[in-house]
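Chain by chain, the residues:
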Amino acid sequence: MKKLDRIDIGLLKQLQEDARVTNAELAKAVHLSPTPCFNRVKAMEELGLIRQQVTLLDPELLGLHVNVFI
């Protein structure tokens, strides 16, 4: 497994907060230029550290007031 440095951890933190962030915004947040930022994210995707991006819905606005755990 790849050893994560502070920049990798920063990238993952930013992506967890908002996966729709642009590469330029992401690079700026972790103090990298866009190309190395893109390469790091791509490498983490290829290693399987980043599996997918999802959209979180607001259950209240959708009228879903019950949670069921089985």
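Since the structure is predicted, the reported quantities are computational estimates derived from the model, not experimental observations. (Residues numbered from 1 in each chain as written. Predicted model: local features only at pLDDT ≥ 70, side-chain atom pairs only at ≥ 80, totals over all residues. Heavy atoms only, no water.)

Peer 1: Now, about the packing of helix 1 (residues 6-17) against helix 3 (residues 34-46): what can you tell me, with residues and values included?
Peer 2: Between helix 1 and helix 3, the shortest axis-to-axis distance is 11 Å and the interhelical angle comes to 80°. Our classification of the angle between helix 1 and helix 3 gives roughly perpendicular. Here helix 1 contributes Ile7, Asp8, Leu11, Leu12 and Leu15 to the contact with helix 3, which in turn contributes Cys37, Arg40, Val41 and Met44. Residue composition of the contact of helix 1 with helix 3, grouped by class: seven nonpolar, no polar and two charged. (Axes fitted to C-alpha atoms, helices over the stretch in contact; angles between N-to-C directions. Helix = DSSP H or I, 4+ residues; strand = E, 2+ residues; numbered from the N terminus. Parallel < 35°, antiparallel > 145°, perpendicular 65-115°, else oblique. Contact = heavy atoms within 4.5 Å. Nonpolar A, V, L, I, M, F, W, Y, C, P; charged D, E, K, R; others polar.)

Peer 1: Mind laying out the pattern of salt bridges, listing which residues take part and the relevant values?
Peer 2: Here the structure, examined in full by the defined rule, presents two salt bridges. Where Asp5 meets Arg40, a salt bridge forms, and the shortest distance between an N and an O atom there is 3.0 Å. Taken as a pair, Asp5 in the segment before helix 1 and Arg40 in helix 3 lie far apart in primary sequence, 35 residues in all. A residue is classified by how much of its surface remains accessible, and Arg40, at 23% relative accessible area, is partly exposed. The salt bridge involving Asp8 is made with Arg40; its shortest N-O contact spans 2.9 Å. Here Arg40 lies in helix 3 and Asp8 lies in helix 1, a separation of 32 residues in the sequence. Among the charged side chains, a network of salt bridges with common partners joins Asp5, Asp8 and Arg40. (Salt bridge = Lys/Arg side-chain N within 4 Å of Asp/Glu carboxyl O. Buried < 20%, exposed > 50% of the residue type's maximum accessible area, 1.4 Å probe, protein only.)

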